[in-house]
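Understanding the architecture of this molecule
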Amino acid sequence: ALASTCSQLRSLCLPETVWIHLAERQFKVKLRVTEEFSPRLFFQSVLYPYRHTLGLWQRKNLRYYGGILHVSVKDTYISFEDIIPPIKLSDPLKRLEFLRLSRMRQDGDVVITNRSKLALTDRVKVSYEEDEEPKLSIILANIEDHTLNPDEWREIMLEFVMLAGGNEADVNDLLLMKFIQTYHSRSMYTYRKLSFDSSPTRPLSALNSGIFIGNYGPHGMEVINLTVTESIEGTAGVKVTGDPNVPYGEVTFRITDPRCLNVPLEDQESIANITSFMDSPDYIDFQVFIHVV
């Protein structure tokens, strides 16, 4: 709008350095000029119009399971990545690219590239709404139907199982149910903004609020949003990703006593022993041990 007022102001708005500075100041993103890429075009048609999509999102319309989407700026595009719980607690979270939004010099408009193998189509729409809470929607039209080809169906199912359960995972009932739910929900994705408190609760606290990974046995690893209270009592973990037993968005555990259970090691060896211990539990006050070197 400013560039439309006069030729002098237009000449001030055209240099790429103006848009590189704006991107870094407003979005903490460092862009650079190449023969194929214009920071000015990218800022005007991609980064600024889709600025509200940046951040972490929780999927709302995948029954039981939910999901996490991370939207961030890469070198020349906005990347939409599915964040997938790891196979082991010690492993990092896995990232699987879903979409790319870009605008190169040769492109007349924004290009949305679908990177999903589960939902093959080039007709993708990304929209953002802010009513009572921010809402992100991704619609994929005319998706290829893999069920018409048994070999394709089996290949994509095995790839999903290995991604969710590891290279040695079996196609068990739980993984198959998750695959079928995910497959039949692949034309419409709706998300809400995912927020969590990562600030320390108190000095030397045994727990701090934040995002954690939990092992749920045959259901695999899942992501938990932990909110810690000052007194510890009332602290709760809410599923960010879930399963049919405890779906996403539901409380998976809540601390109801500020004291710590004093469970002997031998009583931790089996569920039967823990059940027996809980019939007459032994408590110990919370202690902080500081090792000074």
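Keep in mind that what you see is a predicted model, and the values were worked out from it rather than measured.

Digging into the overall build of the protein chain
The secondary structure content of the protein chain amounts to six helices and 14 strands. Scaling as 2.2 N^0.38, a compact globule of 293 residues should have a C-alpha radius of gyration of about 19 Å, whereas the protein chain reaches 24 Å, well beyond that. Along the longest, intermediate and shortest principal axes, the C-alpha atoms of the protein chain span 80 × 55 × 40 Å. Counting every position in the protein chain, which comprises 293 residues, the buried fraction comes to 34%. Sequence separation of 24 or more characterises 46% of the internal contacts of the protein chain that already satisfy a separation of 6 or more. Roughly 17,800 Å² of accessible area belongs to the protein chain as shown, and the carbon and sulfur atoms make up 52% of that amount. In the protein chain, which carries 31 positive and 39 negative side-chain charges, the distance between the mean positions of the two groups comes to 9 Å.

What to know about the packing of helix α4 (residues 150-165) against helix α5 (residues 173-183)
Where α4 meets α5, the axes come as close as 10 Å, and the angle between the chain directions of the two elements is 115°. The pairing of α4 with α5 is recorded here as roughly perpendicular in orientation. The chirality of how α4 crosses α5 is right-handed. Across from W153, I156, M157, F160, V161 and A164 in α4, the residues of α5 making contact are L175, L176, K178, F179, T182 and Y183. Its residues assigned to classes, the contact of α4 with α5 comprises 10 nonpolar, one polar and one charged.

Some thoughts on the state of the cysteines
In the structure shown here, the tally under the stated rule is zero disulfides. Free cysteine: C13, not disulfide-bonded; nearest cysteine sulfur from C6 at 9.0 Å.

Let's talk about a nonpolar patch on the surface
A contiguous nonpolar patch, built from L261, I271, I274, M278 and Y283 and spanning about 450 Å² of accessible area, is present on the exposed surface. For the nonpolar patch, the element with the highest residue contribution is helix α6 (residues 271-279), accounting for three residues. By the element assignment, L261 lies in strand β13 (residues 260-261).

Comments concerning the nonpolar core
Membership of the largest hydrophobic core comes to 31 residues, with the highest contact counts inside it found for L69, I78, F80, F98 and I138. When contributions to this core are tallied by element, the ones reaching two or more residues are α2 (16-27), α3 (39-47), β2 (68-73), β3 (77-84), β4 (94-102), β6 (123-130), β7 (134-141) and β8 (188-193). Apart from the residues lying within four places of it in its own chain, the contact partners of L69 are G55, L56, W57, F80, E81, D82, F98, L136, I138 and Y191. Core analysis: the next-biggest nonpolar cluster, separate from the first, contains eight residues, L118, M157, F179 and Y183 among them.

A word on the sheet that holds strand β10 (residues 221-227)
Strand order in the open sheet formed by four strands is β9-β10-β11-β12, with antiparallel pairing between adjacent strands. Where the open sheet ends on each side, the last strands, each with one partner, are β9 (210-215) and β12 (251-254). Between one strand axis and the next, the sheet turns through 30° on average, direction left out of account. Sheet topology note: the strand β11 (residues 236-239)/β12 ladder contains three bridges and is antiparallel. Counterpart to V238 in the pairing with β12 is V251.

Details of the pattern of salt bridges
Applying the stated criterion across every chain, the model contains 10 salt bridges. Of the charged contacts in the structure, one is a salt bridge between E97 and R100, with a shortest N-O distance of 3.0 Å. One salt-bridge network, in which partners are shared between bridges, spans K74, E81 and R95.

Points about the side chain of R103
Within the element layout of this structure, R103 appears in the loop between β4 and β5 (111-114). For the buried R103, no salt bridge is present, and the opposite-charge side chain at shortest range is D109, 5.4 Å distant. One polar contact links R103 to S45, side chain to side chain, over a distance of 3.1 Å. Within the structure, R103 has its side chain in polar contact with the backbone oxygen of D107 (distance 3.1 Å). Other than its neighbours up to four places away in sequence, R103 contacts F37, L41, F42, S45, V46, G108, D109 and V110.

How each quantity is defined
Residues numbered from 1 in each chain as written. Predicted model: local features only at pLDDT ≥ 70, side-chain atom pairs only at ≥ 80, totals over all residues. Heavy atoms only, no water. Helix = DSSP H or I, 4+ residues; strand = E, 2+ residues; numbered from the N terminus. Rg over C-alpha atoms; globule rule 2.2 N^0.38 Å. Buried < 20%, exposed > 50% of the residue type's maximum accessible area, 1.4 Å probe, protein only. Contact = heavy atoms within 4.5 Å. Areas by Shrake-Rupley, 256 points an atom, 1.4 Å probe, with all protein chains shown as cover. Lys, Arg positive; Asp, Glu negative; His and termini not counted. Charge placed at Lys NZ, Arg CZ, Asp CG, Glu CD. Axes fitted to C-alpha atoms, helices over the stretch in contact; angles between N-to-C directions. Parallel < 35°, antiparallel > 145°, perpendicular 65-115°, else oblique. Left-handed = near helix turned anticlockwise from the far one by under 90°. Nonpolar A, V, L, I, M, F, W, Y, C, P; charged D, E, K, R; others polar. Disulfide = S-S within 2.5 Å. Patch = residues over 30% accessible without salt bridge, like charges linked within 9 Å, V, L, I, M, F, W, Y side chains within 5 Å. Salt bridge = Lys/Arg side-chain N within 4 Å of Asp/Glu carboxyl O. Core = buried A, V, L, I, M, F, W, Y, C linked by side-chain atoms within 4.5 Å. Pairing = 2+ DSSP bridges. Polar contact = N/O pair within 3.5 Å; in protein donor to acceptor, adjacent residues only side chain to side chain.

In short, geometric facts, not functional conclusions.
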